[in-house]
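Tertiary structure, described
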Amino acid sequence: MCHINKLLFNSCLLVCLAVFLVACASTTQQTLEIEPPVYPGPPEKPRFIYEMSLINSSQVVVEDEKTKLRRMLTGEAVTGKSFAKPFDVCACNGKVYVSDTVRRLVMVFDFPGGRYYEIGETEPGALTKPLGMTTDDDCNLYVVDATASRVIKYDQTGQFVSAFGGTGSFDRLSHIAVDPEGTRLFAVDTGGVSSKRHHVRVYELPTGKHLYDIGSRGDKEGQLNLPRDIILTPDGLLYVVDGGNFRVQVYKKDGTFVRTFGQVGRHFGQFSRPKGIATDNNGNIYVSDAAFGNFQIFSPEGRLLMYIGNRSNINGPGKYLLPAGIDVDEDGRIYFVGQFFRKVDIFRPFDLKPEQGYLGVRLTKGKAAPQNQK
């Protein structure tokens, strides 16, 4: 009798265990099948889809077979280098550059090459406080070193090329733009409360010769107050984030004022704390707002098209607290720095297939690990 009861007990235990495992598997499957958010949401036609959050160098590095075997045998966890305080981001031919003001260097995620490396650790190109960045058509990298008050140029491999500026050249150097040919550089001097240098300084490359300045301190058309960031659009116009005036100012490369858009406010199309700016192949303008916790997309003329992101104290796709830099690559992918949550969110155009573009092959082959932080 005891033997029969024991068999019944074991059978029931096995059935319960099987039911539990099936339920777990079902839950896991449901979790994995959750669709990433799209923007704008239904019922509007989606334009972008959340692709991944870049948070760690292990997401891009391709392991060799020896390393894979060692980890399999020892149970060693995948580790990598994470952001401390990311500030700006730019992308060129699948390389994603992120400046980190605490780590005092630029972190490079080379997706096509399957590797990670760092720029700015050693002289003569050592960095003390890297802020804004940009690249030219040859993927040479230009980095603002705010503490040293200079701009440093590195080649496609991360090797130091040249530097110019230095003490006395700027009051508060913050961001830069370079023409596609790499012959002219536009440097934003944010200035300060007691400074008159609220303008854009224009330099000849590669000599570093100062040519002229764009803008002066004020709130009239063509004037600037605490300018933040700058981009050069495909049609050759300069768009400057005029932070203290809560607007975007547009100039020709020679400094001629063209137009302005934006104003202070709490509604879409207005600004609260505009910070970063980027452009795509069509000349659309992307402006990040640190207070709103999002970025807004405008037509070249300043008409609001849509926005992505929301302010939140809890991390997740499209959730931000004090976001910063932004960039759009050749394929239309958007890179957005979530400074507080130490991440770079990547959004893909909805009509661009996952396997397409500079990041596509690596992502779809499972070499780069998309991570959704919560």
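Conventions we followed
Residues numbered from 1 in each chain as written. Predicted model: local features only at pLDDT ≥ 70, side-chain atom pairs only at ≥ 80, totals over all residues. Heavy atoms only, no water. Disulfide = S-S within 2.5 Å. Buried < 20%, exposed > 50% of the residue type's maximum accessible area, 1.4 Å probe, protein only. pLDDT = per-residue confidence, 0-100. Contact = heavy atoms within 4.5 Å. Helix = DSSP H or I, 4+ residues; strand = E, 2+ residues; numbered from the N terminus. Salt bridge = Lys/Arg side-chain N within 4 Å of Asp/Glu carboxyl O. Pairing = 2+ DSSP bridges. Phe/Tyr/Trp six-rings, centres within 6.5 Å; stacked < 30°, edge-to-face > 60°.

When the sulfur atoms of two cysteines share a covalent bond, that bond is a disulfide. Applying the stated criterion across every chain, the model contains one disulfide. Sulfur of cysteine 90: no disulfide; nearest cysteine sulfur belongs to cysteine 92 and is 7.9 Å away. When its relative accessible area of 4% is taken as the criterion, cysteine 90 is described as buried.

With that out of the way, let us pick up the confidence of the model for the protein. When pLDDT is averaged along the protein, the result is 88, and 83% of the positions lie at 70 or above. Across residues 11–32, confidence stays below pLDDT 50; counting only partners more than four residues off in sequence or on other chains, it has zero contacts.

A few words now on the environment of glycine 338. Structurally, glycine 338 is set in strand E26 (residues 334–338). Separated by 14 residues in the primary sequence, glycine 338 and alanine 324 place their C-alpha atoms 6.5 Å from one another. Once residues lying within four places of it in the same chain are set aside, the contact partners of glycine 338 are Pro86, Tyr320, Pro323 and Lys343.

What follows covers the pattern of salt bridges. In total, this model carries nine salt bridges according to the counting rule given. Measuring nitrogen to oxygen at the nearest pair gives 3.0 Å for the salt bridge that ties glutamate 51 to arginine 348. Of this pair, glutamate 51 sits in strand E2 (residues 48–54) while arginine 348 sits in strand E27 (residues 343–349), and the two are 297 residues apart along the sequence. As far as the burial class goes, glutamate 51 and arginine 348 line up, both buried. Residue aspartate 171 is joined to arginine 197 by a salt bridge in which the shortest nitrogen-to-oxygen separation is 3.6 Å. A residue pair is termed long-range when its members are at least 10 positions apart, and aspartate 171 in the loop between strand E10 (160–165) and strand E11 (173–178) and arginine 197 in the loop between strand E12 (184–189) and strand E13 (199–204) qualify at 26 residues. When its relative accessible area of 45% is taken as the criterion, aspartate 171 is described as partly exposed. Linked through salt bridges whose partners overlap, the residues forming this network are Glu51, Arg333 and Arg348.

This part is about the pairing of E13. Summarising burial for E13: five of the six residues are buried, a large majority. Relative to E13, E12 runs antiparallel, the two being bridged by six bridges. By the bridge assignment for E13, leucine 185 is matched with tyrosine 203. Summarising the sheet, E13 and strand E14 (residues 210–214) pair through four bridges and their orientation is antiparallel.

A separate point is unusual backbone geometry. Residue proline 40 follows tyrosine 39 across a cis peptide bond; omega there is -10°. Among the secondary structure elements, proline 40 is positioned in the loop between strand E1 (38–39) and E2. Backbone torsion omega between glutamate 123 and proline 124 reads 5°, so that peptide bond is classified as cis. The topology assignment puts proline 124 in the loop between strand E6 (115–119) and strand E7 (130–135).

Turning our eyes to something else, we now look at the sheet that holds E26. As summarised here, the arrangement of the five strands in space is E1-E2-E27-E26-E25, forming an open sheet in which the pairing is antiparallel. The open sheet has two edge strands, E1 and strand E25 (323–328), and neither has a second partner. With four bridges joining them, E25 and E26 adopt antiparallel strand pairing. Across the sheet, the residue bridging to aspartate 327 is tyrosine 335, located in E26.

Mapped onto the fold, threonine 134 is located in strand E7. In this structure threonine 134 comes out as buried when scored by relative accessible area, which is 14%. The residues touching threonine 134, leaving out its near neighbours within four places in the chain, are Cys90, Asn140, Leu141, Tyr142, Ile176, Ala177 and Val178.

Before going further, it helps to spend a moment on the packing of aromatic side chains. By the definition in use, this model includes 15 aromatic pairs. Ring centres 6.4 Å apart and planes at 40° place the aromatic pair tyrosine 286 and phenylalanine 295 in the tilted group. Assigned by exposure class, tyrosine 286 and phenylalanine 295 land together as buried. With centroids separated by 4.9 Å and ring planes inclined at 75°, the aromatic side chains of phenylalanine 295 and phenylalanine 336 adopt a geometry described as edge-to-face. In this pair, phenylalanine 295 is assigned in strand E21 (residues 294–298) and phenylalanine 336 in strand E26, connecting sequence segments 41 residues apart. When sorted by exposure, phenylalanine 295 lands in the same class as phenylalanine 336, which is buried.

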